[in-house]
Each structure stands twice: as structure tokens, then as C-alpha cells.
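# Commentary on secondary and tertiary structure
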Amino acid sequence: MASRKLVSLEQTEHLSWLAKVELSEEEKRVFTEQLNRILEFFRKLDEVDTSNVQPTYHVVELTNVFREDEPASPLPQEEALRNAAHKKNGYFVAPKIV
Amino acid sequence: MKRLLELTLFELVDALRRGNVSREDVVDAYLSRIKEVDSKLHAYLAVNEEMRSNSSSEGLLFNAPIAIKDNISTRGLPTTCASKILEGYIPPYDATTVARIKAEGGLIIGKTNMDEFAMGSSTENSAYGPTYNPWNLECVPGGSSGGSAAAVAAREAVASLGSDTGGSVRCPAAFCGVVGVKPTYGLVSRYGLVAYANSLEQIGPITRDVRDAALLLSVICGRDPNDSTSVDPPSKDYLSALVVDVKGLKAGIPKEFFGEGTDPRVAEAVWRAIKLLESHGMEYEEVSFPHLPYSLPAYYIIAMSEASSNLARYDGVRYGFSAFEEGEEWVKVFSKTRALGFGAEVKRRIILGTFALSAGYYDQYYLKALKVRTLIKGDFDCAFKKFDVLLAPTMPLPAFKIGERIEDPLAMYMVDIDTVPINLAGIPAISVPCGFVDGLPVGLQIMAAPFHEHVMFRVAYTYEQCSSYHNLKPPI
Amino acid sequence: MQQQQDVVIGLEVHVQLTSLKTKLFCSCPSDYRGKPPNTHTCPVCLGLPGSLPVVNKKAIEFAVMAALALNCQVSERAVFFRKNYFYVDMSKNFQISMYDRAGGTPIGRGGYVDIDVDGTRKRVRISRIQLEEDPARLVHLGPIELSPYTLVDYNRAGIALLEIVTEPDLSSPKEARIFLQKLRSILEHCGIFDGSLEGSMRCDANISLAGGARVEIKNITSFKEVERALSFEIARQRELLKRGQQVRRETRHWDEDRRMTFTLRVKEEEHDYRYFPEPDLVPIVITEDFIERVRSMMPELPDHRAERFMREYGLPEYDARVLTSEKALADFFEACVKLYPSPKKVSNWLMTDTMRVLNEYNLDWSSIKMEPEHLAELLKLMDDGVISIKIAKLLIFDVVLKGIPPSKLVEEKGMKRIVDENYLSQLIEKIFREFPKAVQDALKDEKAVHFLVGQVMRHTKGRADPALTNELIRRKLNELQRSS
């Protein structure tokens, strides 16, 4: 069991792409090793028979919590933009897309 | 009268109302205390000097200076989650808990250090350097709300708010010898709490004694229209639950909480507390929770999965650190921003959470963990049919040395063994000081059924009034 | 349009619930169009740390109404999920949407819409309807690929979107367009949507040709564009197949300006959305009572309205269908008939003359300035003999485009019909002198009379009363006959 490799270096690379977190070569290596150890620990759950068990998404069983369709005042533009590192003419500046 | 800094929240508000002390006295005393000790403790990431000029209304927290963990949004005050990626971020709004404290006249004295995005149990994962334990500066204060607990223990704030996802209020409360409450899931609004793991976490008070915790919880609790998962409790009057009387109450002692890895001296301190309560009329019985050994993996899978999604928003466009450069393509910029902005533990949890939710692994990890959660919750439901409270250690060991566990993520996760089951079950728990090991505080954990905070407070108060650990103060 | 049996098209339509006053998960006002950027935002729709979504109750009501209007089975329990993917228009880098896991189902399933294509009814099945949030609007400096950065406006972020997914039941670009028009009319009749607002209806299309893989086309911003985009794509794929090449399974982007599609991502780059239930929201339970209440509030829908038009106004089916293809048009018709109770005549003037003006200027019904009172007045002016039909057809341009009342136009432009016998007699005499040959012909041949009438009309710019002119010309001819 302990020698089983649950995540390969390539998978770590793919996960870093999915999560948009660039990893250095060294980080990829260390993370892959740590991920395998941690996932191995997670697999302890395999011991539990959950075949007739429903998952718990919420511990408090609430349904139908709504808000009325009544407008409230939005943030002033300068406050909305205040924390942005880059802004222009009332817009947020984001990187180019193509 | 006690020295001003030694007054509890309850006493301080009383003194302020009576005019025995003025707001200026209180503000000056606390700000100079921070100047005196915080260079050694590093409990604060930001101190609110403006507090002097804040006007304050009469209320339950009249002019009391309260510290807020740095993952709880404060209008006009930095809220960084101890992360580089939120450096300089100043929220345009108050978290509901902060708004409620202000509405009751409380003052926000500052923002406290923590593990980055509340991911950790030692406050060593702060991007701005660790907080030190006021009882022993070589040790961690616990985490992730280490700054909030250290500040209260060291008299840098009269009370504070922390957040508890898997023990982040109770662990540092235990390590710093103060009182910490993890409320029933849904009792306290999460609006404004920067999400780490939404389905597990709650904001809770960290205070010098049980009465203060009851007071602060009664201020911050209750349904908030901005948090769809929040509800009103049957009664918000927790102060009236504070009676020295445990006669006829039944306590369960889950033996899994005393298992392998528990420091025998910690177990001993907790057992002494149990015996003390027994001597005051509480009955107890040992009980077994068959699914408890699965709490840690279930907890970490759920927390990391939710975290991987919660932390996706930090891309540098709307707030925080940005690696933006003109002409560079978005995937590159986002990936670089996040690589430079997040610390190692945060990246690890994001990657693991991404894995647990990804196609082909969802059922095996995330869904499986949610099913195990059902079983663990079932163990607790079952126990609370029989018992009013459950008693156990908060932490399996006293505060460890700085640097001792930080290199080994799994070793760090293991210390949460006694706190995470409570978050999985959504029940309330409190940690109260119950002894010392090597000069470091030990915490007794008292758990109750959902929305039964009253009985939890009653047992905690009885124990506290019959013991004296809460009166001890750290040497700093 | 040629029948294309081998083409299979399915649509994923995104419709803004424009009748809501606020966004889907926050109380920001939804009237963001034409407003300065980032003035309709709050911590929730900006995705600020610590903010939490709260569901707009009315959005659930509207979604259920849409589900009923599209003949769907309404969900008993709907659950919001997080759809996780990064993009620059996302405020949280996940979109709160619905998904059928965790005991939840989309708001509506298994519905259909009947459309009329060249006089034949066709049923288009709806596979699902669900609610989700609109992303932010992106603005580029010049052409996308040359822009050194992207400007982001979060005013649109969080607007309630209804996602409506069809089965692959459409077999031509034209059918796709007709389907979208019908869908628009239905949702407008429900009172939950205004299709005249720019970008309020957008869609992605899945298209495959026999022998090729399925291609998804994104960024189609109106039902006019859908026909163009799909026609382009069919031509592209046909060309590939003709040359013996493969059609790749991929996602392509419709470039409205260049009128072509280009590759956005191939199958290998497809997202892994990592759906999981939104932990900050609780499940929505839709009871029978709630559904009945929504049903009882449901206004008349286009198909029923068309039937009523046939029954109540005696209109042919074709008229009834065209008039109800757009709610504003149907409303106009009914308002006008109230003032001028001759339905077929009103219908004719709407479907032919009014439409001709709109087509000539490439406008749609929403840009019309004419009021029902105007059309009724125009028709009355004709009945009263104040203007001729020819004048009416001229006047309608200004009525439709500028909304000037016809009576005012007649006054201003001096377009009243000329019924002055003296004036016309003098004019006729002048024309008789000018065209002696034509007069000679007219004495023998009835048909040549028309030429003389035409000359009178030409001189009066069509304002001469035709009957009177005819009578006067004949009288004059008779006089000549007798005197010769």
C-alpha cells in the first residue's frame, strides 16, 4: 500500500494548471512526494463501509432561504476599484485573453 | 479595584458604564500594552490607532477594545488573512460579527496574526512571521487564530474573535491558557469571514473567562440575512446559563480522544477536571465513537476541497497582489500571481483540494469524506441522546516548539485530532484552561448538542469557578 | 433555405431575467445598461473575500414560470453548485450554477417548444432549464488579439441568467433562428424578459454534420447572429468533409465582426469543472403549491394568443402566428384594433407596410416609434377620404420612424387629398391640351383613360382624389365626343 503512487509528477503539473498555481520544478517534486503521503493517509477512509450512507453537505438542514427582489445601493465606483492594483477609466485592468 | 488591564470584558464594560474608568484610559492602557509586548509576541498584524477617535454607543460592549482575527472583514482596516496575496487589501464593508460588536459599542483594537487563510495549527504559516506563545516565547501559540489567543492571554486585548474551521479557536485558546468557543454551525454569521472551508467554520470568541465568552457570543450570534446558513438560537441569553451547578448532568468521556498520541500529562489534567466536576454532582461515563479515527482524513479532504474553490478568486484583478504585466496572457499572469502570492501550505491544500474534486476522483475522496462525515455526526447524535455534554482534551499535547512540525505537513495535521470531529458534526465546543504541563497551559474541551450552548457554558462556568487556572497570567 | 437533413443542431441559450430589479445573489440594481463601468457592484458580485450569496426569491419564481411555459417538468428540489474554472470575466473564478447531483435537479426538465417552419409545425425538445449568474463584461482596446490588456466591468456580473438547453432537434440555421424568436416571444409573454435589450439573449450552439464530430460554437449574441454563425459553420464543415478531411471535436468562437468562427480550444483542453454543491446556499424545495401559484399568475402565451387572434378577430393562421411572434407586436395589434375595429386591415398594415419600413432600415420592432393611435388614425384618414392609399404608404415611414401623428404630417406636408373640382378641371384641361394624341386614344380606348388619370396624379403628387379625377376626365371626354 505505502509504495503505491497515487499522483504522478505529470498529474501534479496538470493540477497546478487546473488550479492556476505555477510550480517550480523543485516544488513539483516536493509536492508530488507530499501529495502521495497525504493521499495515502486520506485512503484510510477506504476502510469505512459507506455503501448505504448519504453524504452530509450541510449539518443544519435548511431549505428555501431567500432574499426579496429589492435593490440596495451599490458601492460607489471609486470604492469598488480602490483595492485594484491596476485600473483605467473606471474599469479593472485584467491580463489579455488571446 | 484590579489593574485596568486585568479586568475581564464583563468587568471592564461595567467599570466604563459606571464611569470608574474612561474610554481614554482604556484605549491608552491597551495601546501602550501593545507597544510594550507586541514586538516580542507579534500577535497583531495591524493596530487601529483610529480607535481613539471612534465614537461609540452604549451597549453590551461599551468601549471595550476587541481584537479581530485578520480573516474577518473590517471596513477601513486591512484584512490580509496573513497572506501576501491580500497585502494592502482594505475591505469596503464590515463582517456581520464586527458590525454587531460595533453596534454594541465595542471598539476594534486591531487585526491579529494567523496561519495564512487559517490553514495551520501553529500560526507559523503567516506570511508576516509567526506569533509567539506568551507563556513561552519558544513555543507556538497554536493556530490558526494564534494572534487572537496570544493577544487576550497577554492583555493586549480584553477579548477577541477567532475563526474555527477545524479547531482554530480552541487550539490556540488551549495553548495560550484562555477560553475559546466554537459555536454550533449556523449560530454565528459567516458574512465577512474570508472563507477557508465554508461548511465547517464558525467565528467564535476568545476571552479570559467563560462569562466573557458567553457575553461576546450573545452579541455576535443569530440569524443574518446576508448568510443563508445562519439561524437564530432558541435564546441568545447565554449569561443566564452561568450557574455553578452541574448536579444531574451527564457527561460522556469519548475514549478515542485519549488515544495514542495523547500526552499522558494532558490526559491526566483533563481527568482531574472530570473528577472535579464529578465531585460537584456531574455524572460521567466513558463512551466509544467508532468513526472518530476517520475524522482527520474526512476533515482535511472536505476542507481542502472547499478551499481550492474559495481561494480561486485571488487572481490579482480586483484586489491584492498582482503579477500583471501588459501584453502577458491571462493564464500566465494568474498562475504567476498565485504562485508568488500564496505560501507553501496554501498551495498544497489548493492542489490537494483540486485533486479531490477532479473528474474521476470526486466519488473516491470528496463524496466519500462527506459520507464518513455523516457517520461521525451520527456518533455524536447518538451520544447526545444519552449525555448532556462530552468532555475531552482540546489538544492532545501542550504547545510545541516553533519549527518543530512545520516541515512535515502530516505531523501538523495530526495535532487537530481532537478538534476536527466537532466541526464535522457542527456541534458547539468550548476550551477552558485546566492545568499546566511544563509551564504550558492545557485545555479542557466541553462539547454539547447543536444549539445547546447553554449547557456547555454551564459546565464550563462551574468548572472555572471551582478551579483557578483562568486567573493565572503569562509571565510576559 | 435548403433542407439539410444531415445537420444536427442543439442550442444552449442564456437569457437574462431582465424583469428582475436586482441581481441573482445580491441586491445590486440590475439596470446596468448604459451606466458607467463598475457602478453597480457590491462585495458579493465583485467576489470580495468574505462575501456570501443570497438567492433572489423572484428569480426562482421566474425560472419556474419559464419552465412551465416551456412545458417542462418542474424540479422538486434544486441545488446550486459551483462550476469551477478560471477566466478574466469571473469575479470568483467559479460560477454559481445548477447541476443534477446531491439530490437536486435543474429547475425544469423534459419540455418542448413548437415552432412553425415554412407552414409546418415542428417540436423542439428542451432538455433542461436552470439558473446561473452572468459573468462580467470585457472590453478590449481595438481588436482582441492586439489589446495589451482587458478592461473589466462587473456591472453585469451576477445578473440572473436562465440557461435553456435544447435536445439536438434543429436541422438548419433557419430553424435555430425561428426557435430563438419563439423562445423570446414566450419569455416576453411571461413578463420575465425583454429581448430588445442588447445582449439579453445569447447562445452557444452544438452542431454536427453526418460524418463529422460535434463542434460547439460560443459567443452568439442574438437570433440574427445564430443564422449567420451556423451557416458559416455548416459551410466550413462541408468543405472539410468534401476535401476528405476530418471535422475535429472542438469549441469555436463566433467572431461577429469578421463573420467567421475560429478555434477556442480542442477537446484535450476541455475544462474539468469540479462541480460541488455551493456550501453557502441551501437547497431549494419547490412545492406543488408554489408551482400552482406561479401557474395561476402565468399570462397568455404566444400559441394561445395566436389561437385567440384567429377566433376573436377572424385572422388567418399565418397572420396570427406572425403577430404573436413578438409580444410588443401582438400588444400593438390589439391596442390598435380597439381603436380601429377592423382586425384584418390592421394586420395587413402591420405585416406588410410597417414591416417593410422596418426591413428597409434594418430595424426590429422594439425601435418602432409608432403608437397604436397613429396607425388607427392613418387608417381613418384613408376611410374619410382625407388621404389616398398611396399617400398613406408614404406617410407611414415618418410615422413608424419618428412617431409623428399622421394628421400632423398631412397638415405639415399639405398632403390632403384634392377634392377641389375647379382646380382639378383646370388641371385636366391643361393636360388635355398637352396630350392631344392621348385624348384621341382615350375617346376610342377605355385603357388610355388611365394614362390621363396618371398625369393628373403626377401633377398633384398623388393627392388628387382618384374617383373625382376619373369622373371629371370622363365628363370632359364625353363633352368632346358630343361636340365632335
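Residues numbered from 1 in each chain as written. Chains lettered and ligands numbered in written order. Predicted model: local features only at pLDDT ≥ 70, side-chain atom pairs only at ≥ 80, totals over all residues. Heavy atoms only, no water.

## Things to note about the domain arrangement of chain C
All names here are of chain C.
- You can read the domains of chain C as domain 1 (7-293), domain 2 (300-413) and domain 3 (421-483).
- Spacing between the C-alpha centres of domain 1 and domain 2 amounts to 34 Å.
- For the pair domain 1 and domain 2, the summed buried surface comes to about 1100 Å²; carbon and sulfur atoms form 53% of the total.
- Among the residues domain 1 hides against domain 2, the three largest losses belong to Glu188, His189 and Lys224. Together they make up 44% of the total.
- Remark: the boundary between domain 1 and domain 2 carries five salt bridges. (Domains from an automatic or database assignment. Buried area = accessible area lost by both parts, 1.4 Å probe. Salt bridge = Lys/Arg side-chain N within 4 Å of Asp/Glu carboxyl O.)

## Overview of the packing of aromatic side chains
- For the structure on display, the rule yields 38 aromatic pairs over all chains.
- Centre to centre, the rings of Tyr300(B) and Tyr413(B) are 4.2 Å apart; their planes meet at 25°, and the pair counts as stacked. With a gap of 113 residues between them, Tyr300(B) in helix H8 (residues 295-310) and Tyr413(B) in helix H12 (residues 409-414) connect regions that are remote in the sequence.
- Classification of Tyr413(B) as buried rests on a relative accessible area of 1%.
- When the ring of Trp330(B) is compared with that of Tyr87(C), the centres are 5.2 Å apart and the planes differ by 90°; the resulting orientation is edge-to-face. With Trp330(B) in helix H9 (residues 330-341) and Tyr87(C) in the loop between strand E5 (80-84) and strand E6 (94-98), this pair bridges two chains.
- One aromatic cluster is present, formed by Tyr89(B), Phe117(B), Tyr314(B), Tyr319(B) and Phe342(B) through successive ring pairs. (Phe/Tyr/Trp six-rings, centres within 6.5 Å; stacked < 30°, edge-to-face > 60°. Helix = DSSP H or I, 4+ residues; strand = E, 2+ residues; numbered from the N terminus. Buried < 20%, exposed > 50% of the residue type's maximum accessible area, 1.4 Å probe, protein only.)

## Concerning the interface of chain B and chain C
- Counting residues at the interface gives 42 residues for chain B, matched by 34 residues for chain C.
- For the chain B and chain C pair, buried surface summed over both sides reaches about 3100 Å², with 59% attributable to carbon and sulfur atoms.
- Considering only the side of chain B, the residues that lose the most area to chain C are Arg313(B), Arg318(B) and Trp330(B), jointly responsible for 19% of the buried surface there.
- Counting every contact that joins chain B to chain C gives two salt bridges. (Contact = heavy atoms within 4.5 Å.)

## Side note on helix H4 (residues 288-297) of chain C
All names here are of chain C.
- Those residues of H4 that fall on the buried side of the exposure criterion are Phe290, Ile291 and Val294. Buried residues of H4, viewed axially, fall in a sector of 100°; they line one side. Turned more than 90 degrees away from the buried face of H4, the exposed residues are Glu288, Asp289 and Ser296.
- On its buried side, H4 packs onto helix H1 (57-69) and strand E3 (73-74). (Arc of directions from axis to C-beta.)

## Structural notes on the packing of helix H13 (residues 436-444) of chain C against helix H14 (residues 448-459) of chain C
Residue and element names in this part refer to chain C.
- Two elements in contact, H13 and H14, have axes whose closest approach is 7 Å; the angle formed by their N-to-C orientations is 135°. Our classification of the angle between H13 and H14 gives oblique. Of H14, the residues touching H13 (which contributes Ala438, Val439, Asp441 and Ala442) are Ala448, Val449, Phe451 and Leu452.
- For the contact of H13 with H14, a count of residues per class yields seven nonpolar, no polar and one charged. (Axes fitted to C-alpha atoms, helices over the stretch in contact; angles between N-to-C directions. Parallel < 35°, antiparallel > 145°, perpendicular 65-115°, else oblique. Nonpolar A, V, L, I, M, F, W, Y, C, P; charged D, E, K, R; others polar.)

## Brief notes about the interface of chain A and chain B
- The interface of chain A with chain B comprises 52 residues on the first partner and 72 residues on the second.
- Scanning the region where chain A abuts chain B turns up four salt bridges.
- The closest approach of N and O atoms between Glu22(A) and Lys332(B), which form a salt bridge, is 3.1 Å.
- Taken together, the connections running from chain A to chain B amount to 19 residue pairs in polar contact (both at pLDDT 80 or more).
- Residue assignment for the side of chain A that touches chain B shows that the elements contributing at least two residues are helix H1 (9-18), helix H2 (25-42) and strand E3 (91-95) of chain A.
- For the side of chain A that touches chain B, the element with the highest residue contribution is H2(A), accounting for nine residues.
- Taken together, the residues of the side of chain A that touches chain B sort by class into 31 nonpolar, nine polar and 12 charged. (Polar contact = N/O pair within 3.5 Å; in protein donor to acceptor, adjacent residues only side chain to side chain.)

## What to know about the sheet that holds strand E9 (residues 137-140) of chain C
- Spatial strand order, E2(A)-E3(A)-E10(C)-E9(C): four strands in an open sheet with antiparallel pairing. The sheet is open, and its two edges are formed by strand E2 (87-88) of chain A together with E9 of chain C, each paired on a single side.
- Looking at chain direction, E3(A) and strand E10 (residues 149-153) of chain C are connected through four bridges and run antiparallel. When the sheet's bridge partners are listed, Phe92(A) is paired in E10(C) with Val152(C). (Pairing = 2+ DSSP bridges.)

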